[in-house]
Amino acid sequence: MIQEVPSFNRVALWTLIKREMIRSLKIINQVIWPPVISTLLYVFVFGLALGSRIQTVQGVTYAQFLIPGLIMLQTIDSSYGECSSSVFQGRFMNSIQEMLIAPMSAFEIVFGYVLGSLARAILIAALITVLGAVLVHTWPQNWLLYFGVLCMVSILFSSLGLIFGLMAEKFDHLAVLTTFVITPLTFVGGVFTSAAMLPQVLQRLELVNPIFYTIDAFRRSYTGESFLPPWLSLSVIALLMVVALGIALRMMAIGYKLRT
Amino acid sequence: MSAPAIEIDHLVKRYGDFTAVEDVSLRVAQGEFFGFLGPNGAGKTTTINAIVGLAQPNSGAIRVFGYDNHVEWREARRLIGLAPQEYNFDRYLSIRDVLIFQAGYFGLRGPKVKERADMLLERFGLASKAKGEYTRLSGGMKRRLTLARALIHEPKLVILDEPTAGVDVELRLELWQLLRDLNGDGLTIFLTTHYLEEAEELCKTIAIIREGRIVTQQSTESLIADGARLQDVFLELTRA
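Because the structure is a prediction, the values reported are computed rather than measured. (Residues numbered from 1 in each chain as written. Chains lettered and ligands numbered in written order. Predicted model: local features only at pLDDT ≥ 70, side-chain atom pairs only at ≥ 80, totals over all residues.)

Let's hear about the environment of A:Leu150: which residues, and what values?
All names here are of chain A. By the element assignment, Leu150 lies in helix α7 (residues 143-167). Assessed through the 24 C-beta atoms surrounding it within 10 Å, Leu150 is described here as buried. For the pair Leu150 and Arg220, spaced 70 residues apart in the sequence, the C-alpha separation amounts to 12 Å. The residues contacting Leu150, other than those within four sequence positions of it, are Thr75, Ala121, Ile122 and Ala125. (Helix = DSSP H or I, 4+ residues; strand = E, 2+ residues; numbered from the N terminus. Buried ≥ 20, exposed ≤ 12 C-beta atoms within 10 Å, placed from the backbone. Contact = placed C-beta atoms within 7 Å.)

In structure tokens form, the structure reads like this:
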């Protein structure tokens, strides 16, 4: 069975992606259904019940306005959660050693985790997109923008998850970024409100919130409208994605907390 | 002449001020059953980690079948199977998939991998458990699974870090026979163990490490010549 060793181990990359997908499906009640159910609750409580008192936002009903924001919320949450917990568990149980002793490069390991996480994000986004179509009759108008932003945001937050999964010393540390940074920034980043509704001071503050750019650009794929020009949001997201991915690759290459 | 299975030249590994391995040089010939002995903390696991790429040496060189494990790391790793002392299986995979996914990380897939996984499960008495989770296996079965996983990609060298630690006498004898058979098939075996009778029984060559330095490397036969017991030789060489 001994074969030539390829310079790019694509079988290993695909094996890790598949492993991540199996992991997600094994814990489906923990990682797939909760975001779908919480989205349903948001749509019913905020969108249909309270939202009926709001006329229109960006030319659509409030419930329709919510859907793209909720997809981003869950994409960010699931991408970060998948990578951070999978990498940390691998370190904690030492099962990550299976990859570290194999002929796998840092690139193959990082992209295996990130693309596995992207697969989970796409599944969740697809389920919420269908919910949005069925419940509040909204559907993306620009699929290229929809997939482009979804993939970049998932890669950005998966990379952050990988970084924190490598840095954390205990499970509790993984929650620091979500509790104190990601969740607050996501909630004030335009999931529930349009920047146009805010006073000018808060509008300026939104510009330093990186999550605002992700939601604003993604919502444009649904409504065709955005607060910022799409090129600006896409550039900010792409820049952050490249930086986070670069740091994750560097940490894996030097074997940060993996190789002594 | 064929390259040695392992060739270590002047390996040094430090952790801060602590020197775990100091100027270690070793040769393990192809097909050899090699015992690497030493007290706790002597540098055995650090040396193993340096061979498989889990530890980054401060200086020195390691070649595996002639491949520099730093420069030609893909080729070197492809030829090594590691059976660590701890059970570090992927908890999300079935026992059969533990083997198939490990082969995948080594760049192998397809029907031949599945056939080999089934063959190893059969040979190691795990076939009836193939679809189950490793957490339900007994200690002895986990040991055998560790060994099967190390062999799934058909390595030419297998490194066993205390493969019989904590197993009963019957299983130990069974594992010894398995290891003898594998070595008989041409596999190079690098074994660390605290059971000196195990090393005496199985290994053709023994190296002893103490405080990060090799204190002897010679054939088992010459080490216990004149009726000496390996335990006495070991204690004499490793005594502080």
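Explain the confidence of the model for chain B to me, and be specific about the residues and the numbers.
Taken as a whole, chain B shows an average pLDDT of 90; of its residues, 99% reach a score of 70 or greater. Across the assembled chains, the prediction reports ipTM 0.89 with pTM 0.91. (pLDDT = per-residue confidence, 0-100.)

With reference to specific residues and values, describe the packing of helix α6 (residues 106-136) of chain A against α7(A).
Residues and elements named next belong to chain A. Two elements in contact, α6 and α7, have axes whose closest approach is 9 Å; the angle formed by their N-to-C orientations is 130°. Judged by the angle between their axes, α6 and α7 are oblique. For α6 against α7, the interelement crossing comes out right-handed. Contacts between α6 and α7 involve Val110, Tyr113, Val114, Ser117, Leu118, Ala121, Ile122 and Ala125 from the first element and Leu150, Cys151, Ser154, Ile155, Ser158, Ser159, Gly161 and Leu162 from the second. Residues that form the contact of α6 with α7 fall into these classes: 11 nonpolar, five polar and no charged. (Axes fitted to C-alpha atoms, helices over the stretch in contact; angles between N-to-C directions. Parallel < 35°, antiparallel > 145°, perpendicular 65-115°, else oblique. Left-handed = near helix turned anticlockwise from the far one by under 90°. Nonpolar A, V, L, I, M, F, W, Y, C, P; charged D, E, K, R; others polar.)

Outline the sheet that holds strand β4 (residues 59-64) of chain B, listing residues and values.
The strands making up a sheet are joined through hydrogen bonds of the backbone, oriented either antiparallel or parallel. Residues and elements named next belong to chain B. Ordered by their spatial adjacency, four strands build an open sheet running β2-β1-β4-β5, and the pairing between neighbours is antiparallel. A single partner strand is all that each edge strand has here, and the edge strands are β2 (18-28) and β5 (67-68). Pairing analysis gives two bridges linking β4 to β5, with the strands arranged antiparallel. The partner of Arg63 across the bridge, within β5, is Asp68. Here helix α1 (residues 44-52) sits on the sheet and contacts β1 (6-15), β2 and β4; the angle it forms with β1, its principal contact strand, is near 115°. (Pairing = 2+ DSSP bridges.)

Tell me about the interface of chain A and chain B, and please be specific about residues and values.
Counting residues at the interface gives 26 residues for chain A and 31 residues for chain B. Elements with a contribution of two residues or more to the side of chain A that touches chain B: α1 (10-26) and α5 (97-100) of chain A. Sorting elements by how many residues they give to the side of chain A that touches chain B places α1(A) first, with seven residues. When grouped by side-chain class, the residues that make up the side of chain A that touches chain B number 14 nonpolar, seven polar and five charged.

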